[in-house]
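Listed here are the chains, written in short residue letters.
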Amino acid sequence: MDRITVPAAEGRAIPVARGQRVRVITPAGHQAADFFAYNADDLNEWLSPMHSWVTTRSIKPRPGDQFLSRFRRPMLTLIEDKAGGCHDMLIAACDQARYTQFGHAAPHRSCAANLAEAMAALGHKVAVTPQPVNFFTNTHVEADGKLISPPNPVTPGSHVELEALMNLIVVVSSCPFDLKVPGWAINAGGGVTELLVEVR
């Protein structure tokens, strides 16, 4: 088994072979994990939450659900969820433009930048930031269609486990979002913390 630490507010890209399992863990709890996946043999094929939930008919991933690529091919299966279903497939990866919109003009780490940096460490250039699966993210769509993300209740040590259905490069970002925006907490108030990824 390989265990990779994803430092707080950073990202890591990890090759995963077909049939291997990937476990994403929030040791301190509450930490959102932006999750991306690419076909290792063709980086133009990446995980697409929109193509996934139109097939599963659920905007929350559930054990047994498959994550599909933008070409509608199965990439991963969610095997185990020990985070109580607290996940999101609607929110785009944070980027510098989002922080600027929230009034934070200074440079700020982001999941989009973490993705690009992590892939660059493996020698790959990312031209498009795909929509991630946001594990451990407490997003709700209210009856009037309003989208909110209150503090997430995910407890320390919670995890999800997925099985790779093709050779992949997965990227896990410890979401750096730490702005005090009403109704948009993303991470809980304890600050951004590290994640662990196990591959076996």
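Look above for the structure.
Read on for a plain summary of the structure. Just so we're clear, the structure is a prediction, and the values are computed from it rather than from any experiment.

Rules and cut-offs
Residues numbered from 1 in each chain as written. Predicted model: local features only at pLDDT ≥ 70, side-chain atom pairs only at ≥ 80, totals over all residues. Heavy atoms only, no water. Helix = DSSP H or I, 4+ residues; strand = E, 2+ residues; numbered from the N terminus. Buried < 20%, exposed > 50% of the residue type's maximum accessible area, 1.4 Å probe, protein only. Contact = heavy atoms within 4.5 Å. Phe/Tyr/Trp six-rings, centres within 6.5 Å; stacked < 30°, edge-to-face > 60°. 1 Å grid on protein atoms, 1.4 Å probe; cavity = no way out; pocket = protein on both sides within 12 Å on 5 of 7 lines; lining within 4 Å. Points joined across faces, edges and corners; volume = space filled by probe spheres on them. Nonpolar A, V, L, I, M, F, W, Y, C, P; charged D, E, K, R; others polar. Core = buried A, V, L, I, M, F, W, Y, C linked by side-chain atoms within 4.5 Å. Polar contact = N/O pair within 3.5 Å; in protein donor to acceptor, adjacent residues only side chain to side chain. Salt bridge = Lys/Arg side-chain N within 4 Å of Asp/Glu carboxyl O.

Points about the environment of Leu 43
Inference 1: Residue placement: Leu 43 occurs in strand 5 (residues 42-46).
Inference 2: For Leu 43, a relative accessible area of 25% puts it in the partly exposed group.
Inference 3: In sequence terms Leu 43 and Val 181 are 138 residues apart; their C-alpha atoms lie 35 Å from each other.
Inference 4: The contact partners of Leu 43, leaving out residues within four places of it in the chain, are Tyr 38, Met 119, His 124 and Ile 169.

Focus: unusual backbone geometry
Inference 1: Positive phi, normally seen in glycine, also occurs at Ala 9, with a value near 70°.
Inference 2: Of the residues examined, Ala 9 reaches a relative accessible area of 15% and is grouped as buried.
Inference 3: At Arg 72, a position not held by glycine, the phi torsion is positive, near 65°.
Inference 4: Mapping Arg 72 onto the fold places it in the loop between strand 6 (66-68) and strand 7 (74-81).
Inference 5: Of the residues examined, Arg 72 reaches a relative accessible area of 52% and is grouped as exposed.

Quick notes on the packing of aromatic side chains
Inference 1: Tallied over the entire structure, the rule returns 6 aromatic pairs.
Inference 2: With centroids separated by 6.4 Å and ring planes inclined at 70°, the aromatic side chains of Tyr 38 and Trp 46 adopt a geometry described as edge-to-face.
Inference 3: Exposure remark for Tyr 38: the relative accessible area of 4% places this residue in the buried category.
Inference 4: Here Trp 46 falls in the buried class, since its relative accessible area comes to 16%.
Inference 5: Arranged with centres 5.8 Å apart and planes meeting at 25°, the rings of Tyr 99 and Phe 177 form a pair that is stacked.

What to know about empty space enclosed by the protein
Inference 1: In this structure the tally under the stated criterion is 1 cavity of 30 Å³ or more.
Inference 2: Considering only enclosed or pocket space, the largest cavity measures out at about 60 Å³ in volume.
Inference 3: Around the largest cavity, the lining residues are Ala 32, Asp 34, Ile 91, Ala 92, Ala 93, Cys 94, Arg 98, Asn 134, Thr 137, Cys 175 and Ile 186.
Inference 4: Among the residues forming the lining of the largest cavity, the class breakdown is 7 nonpolar, 2 polar and 2 charged.

With respect to the nonpolar core
Inference 1: Core analysis: the biggest nonpolar cluster contains 31 residues, and Phe 35, Phe 67, Leu 76 and Phe 135 have the highest contact counts within it.
Inference 2: Ignoring anything within four residues of it in the chain, the contact list for Phe 135 reads Gln 31, Ala 32, Ala 33, Phe 35, Phe 67, Cys 86, His 87, Val 160 and Leu 162.
Inference 3: Ranked by size, the runner-up nonpolar core spans 21 residues in total, among them Ala 13, Tyr 38, Cys 111 and Val 181.

Section: the side chain of Glu 161
Inference 1: Among the structural elements, Glu 161 can be located in strand 12 (residues 158-164).
Inference 2: For Glu 161, the side chain forms a polar contact with the side chain of Arg 21, separated by 3.2 Å.
Inference 3: Non-local contacts of Glu 161, meaning those with residues more than four positions away in its chain, are made with Arg 21, Val 22, Arg 23, Thr 77, Leu 78, Ile 79, Glu 80 and Arg 200.

Looking at the pattern of salt bridges
Inference 1: Considering all chains together, one arrives at 10 salt bridges under this definition.
Inference 2: The salt bridge partner of Glu 161 is Arg 21, with a shortest N-O separation of 3.2 Å. Of the two residues, Glu 161 sits in strand 12 while Arg 21 sits in strand 3 (residues 21-26), which places them 140 residues apart along the sequence.
Inference 3: Owing to a relative accessible area of 6%, Glu 161 belongs among the buried residues under this scheme.

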